[in-house]
Amino acid sequence: MATTIFVLNGPNLNLLGTREPEIYGRDTLADIDARLAARAEELGVAVDCRQSNHEGDLVDWLHEARATGAKAVLLNAGAYTHTSVALHDAIKAIQLPVIEVHLSNPHTREEFRHKSYIGMAAKGTIAGFGAKSYLIALDAALIL
């Protein structure tokens, strides 16, 4: 059974490629998932990529990552990064390494994006490298 890394994406990330491309780039989520799958295959691991606009789905998937023995979780919680105590608590509860991922650098953006409930619970954060942030986070997950 291959080592599995969950890749969880939150609200509005299904609109990547067309949503504010000057901030988020022109890559779609499907493009990012395909690059992750190719890199994972090179590394001999599996990725399980998912996206939901619903906070509860993300909480359930964090629980599932633990229950299925995933090695780690890459989490781009989108706007929930700055609002979700539920995701913070789920990360703490599952006792798996979670790497917070962002395409842009939240600290260079609006003030309300500077606080991260996800980052307070995550093992680390990769931000500001566009779609490459996910590949960097995948490599980081494998050294944990």
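Relevant structure appears above.
All of these numbers come straight from a predicted model, not from anything done at the bench.

(A) How the structure looks around the packing of helix H2 (residues 29-43) against helix H6 (residues 132-141). Running from N to C, H2 and H6 point in directions that differ by 30 degrees, and their axes come no closer than 10 Å. When the interaxial angle is binned, H2 and H6 end up roughly parallel. In the crossing of H2 with H6, the sense of the turn from one axis to the other is right-handed. Seen from H2, the contacting residues are Ile32, Arg35, Leu36, Arg39, Ala40 and Leu43; seen from H6, they are Tyr134, Leu135, Leu138 and Asp139. Residue composition of the contact of H2 with H6, grouped by class: seven nonpolar, no polar and three charged.

(B) Summary view of the sheet that holds strand S5 (residues 124-127). Pairing within the open sheet is parallel, and its five strands lie in the order S2-S1-S3-S4-S5. In this open sheet, the two strands that pair with only one neighbour each are strand S2 (46-51) and S5. If you compare each strand with its neighbour and ignore which way they point, the axes differ by 20 degrees on average. Where strand S1 (residues 4-9) and S2 come together, six bridges link them in parallel fashion. Bridged to Asn9 within S2 is Gln51. Those strands touched by H2 are S1 and S2, and its axis lies near 165 degrees from that of S2.

Calculation rules
- Residues numbered from 1 in each chain as written.
- Predicted model: local features only at pLDDT ≥ 70, side-chain atom pairs only at ≥ 80, totals over all residues.
- Heavy atoms only, no water.
- Axes fitted to C-alpha atoms, helices over the stretch in contact; angles between N-to-C directions.
- Helix = DSSP H or I, 4+ residues; strand = E, 2+ residues; numbered from the N terminus.
- Parallel < 35°, antiparallel > 145°, perpendicular 65-115°, else oblique.
- Left-handed = near helix turned anticlockwise from the far one by under 90°.
- Contact = heavy atoms within 4.5 Å.
- Nonpolar A, V, L, I, M, F, W, Y, C, P; charged D, E, K, R; others polar.
- Pairing = 2+ DSSP bridges.

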